[in-house]
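Commentary on secondary and tertiary structure
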Amino acid sequence: MRARILVVDDDAKITSMLKRALTYEGYDVEIAANGHQALALAANNPDLIILDIMLPGIDGLAVCRQIRSNSDIPILMLTARDDTADRVLGLDTGADDYLVKPFALEELLARIRALLRRRSRETEAEVLQFSDLTLNTSTREGFRGQRSFSLTAKEYELLLYFLQNPHRVLTRDELMTRIWGYDFSGESNVLEVYIGYLRAKLEAGGEPRLIQTVRGVGYVLKEQQP
């Protein structure tokens, strides 16, 4: 079955180019020129949404936030903003990936394929577990024992990757590439911030730490040594 992609952008040249290129690659494509149209077409549950931030009416961040409140459709943001703070804001709003204009079509296609593969893997595996930590990949809900906790889009992706790689030391570069997918500056502390978010949720009931720091290297999901 052909994957369905919703492209949301008010630039007719960009939407025309993307529709032509994505159709050639075998995708079914719908176009929305503003936030209201985007929300209406998102209700049809496309397989992926390419979403520009700067839109008339409702901006892309508000559209993303509203879609994410009741759907896990992968969202790839397109924007002219090339600033780390803006990238983090977009991801915190619920986007799964972020690409800055102007972009290479080959890179956009690679990211689309990666997001669609990721979603396919997640729908195949319903529950992942390590120690008393459980992640339901259908509902994106986490549990420590019987205690449940919610996750933002990036928290979910990060925890999912840890659970897919228990006991393996994951380097900072690997995590940045796998979860954020582009070249943050070496000084960016976005990974450390999200590790902190995850630990706060995983340990909110006083449970022992599961995400351990490997100093100078990265992090590993394992139980603490007594």
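This is a predicted model, so every value here is computed, not measured. (Residues numbered from 1 in each chain as written. Predicted model: local features only at pLDDT ≥ 70, side-chain atom pairs only at ≥ 80, totals over all residues. Heavy atoms only, no water.)

A closer look at the nonpolar core
Under the convention used in this document: Think of a nonpolar core as a cluster: buried Ala, Val, Leu, Ile, Met, Phe, Trp, Tyr and Cys residues, connected wherever their side-chain atoms sit within 4.5 Å. For every residue, the accessible area (1.4 Å probe, protein chains only) is compared with the maximum for its type, and the residue is labelled buried under 20%, exposed over 50%, or partly exposed between those bounds. Per the convention used, a helix needs a DSSP run of H or I reaching at least four residues, while a strand needs a run of E reaching at least two, with both numbered from the N terminus. Here, two residues are considered to be in contact whenever any of their heavy atoms come within 4.5 Å of each other.
Counting 29 residues, the largest nonpolar core has L158, L159 and F162 as its most contacted members. Secondary structure elements with two or more residues in this core: strand 6 (127-130), strand 7 (133-136), helix 6 (153-164), helix 7 (172-180), helix 8 (190-202) and strand 12 (218-221). Ranked by residue count, the leading element in this core is helix 6, at seven residues. Contacts of L158, omitting those with residues within four sequence positions, involve L175, I179, L191, Y194, I195 and L198.

Section: the pattern of salt bridges
Quick reminder of the rule: Basic side-chain nitrogens of Lys or Arg form a salt bridge, by our definition, when they fall within 4 Å of a carboxyl oxygen of Asp or Glu.
The tally for this structure, following the rule as stated, stands at 13 salt bridges. In this structure, K101 and D52 form a salt bridge, with 3.3 Å as the shortest nitrogen-oxygen distance. Of this pair, K101 sits in the loop between strand 5 (97-100) and helix 5 (105-124) while D52 sits in strand 3 (residues 48-52); the two residues are 49 residues apart in sequence, bridging distant segments of the chain. Given a relative accessible area of 4%, D52 falls into the buried group. For E157, the salt bridge identified is with K154, shortest N-O distance 3.2 Å. Of the two residues, E157 and K154 are both situated in helix 6; the distance of three residues between them amounts to about one turn of the helix. Each member of the pair, E157 as well as K154, carries the same accessibility label: buried. Here the residues in one salt-bridge network are D9, D52 and K101, joined through shared partners.

A few points about the side chain of D9
We count it as follows: Any pair of nitrogen or oxygen atoms within 3.5 Å is treated as a polar contact; in protein, a donor-acceptor pairing is required on top of that, and neighbouring residues in sequence qualify only through side-chain atoms on both sides.
With respect to the helices and strands, D9 occurs in the loop between strand 1 (4-8) and helix 1 (12-24). Here K101 takes part through its side chain, which lies 2.9 Å from a polar atom of the side chain of D9. Apart from residues lying up to four places away in sequence, D9 is in contact with I14, T15, A32, A33, D52, L55 and K101.

A look at the packing of aromatic side chains
Under the convention used in this document: In this scheme Phe, Tyr and Trp rings, the latter by its six-membered ring, pair at centre separations within 6.5 Å, and the angle between planes marks the pair as stacked below 30 degrees, edge-to-face above 60, and tilted otherwise.
One pass over the structure, following the stated rule, counts one aromatic pair. With centroids separated by 5.2 Å and ring planes inclined at 75°, the aromatic side chains of Y194 and Y197 adopt a geometry described as edge-to-face. Note that Y194 and Y197 are positioned in helix 8 at a spacing of three residues, about one turn of the helix. Looking at Y197, the relative accessible area reads 38%, which means it is partly exposed.

Structural notes on the packing of helix 7 against helix 8
The packing of two helices is summarised by the inter-axis angle and the distance between the axes. Counted only if it meets this: Throughout, an axis means a line fitted to C-alpha atoms (over the contacting stretch in the case of helices), and angles, computed between N-to-C directions, take values from 0 to 180 degrees. Roughly parallel refers to an angle under 35 degrees, roughly antiparallel to one over 145, roughly perpendicular to one between 65 and 115, and oblique to any angle outside these ranges. Classification convention: Asp, Glu, Lys, Arg as charged; Ala, Val, Leu, Ile, Met, Phe, Trp, Tyr, Cys, Pro as nonpolar; all other residues, Gly among them, as polar.
Put simply, helix 7 and helix 8 touch, their axes get as near as 10 Å, and they point 80° apart. Classified by the interaxial angle, the pair formed by helix 7 and helix 8 is roughly perpendicular. Residue-level contacts link R172, L175, M176 and W180 of helix 7 to V190, L191, E192 and Y194 of helix 8. Here the contact of helix 7 with helix 8 is built from residues that sort into six nonpolar, no polar and two charged.

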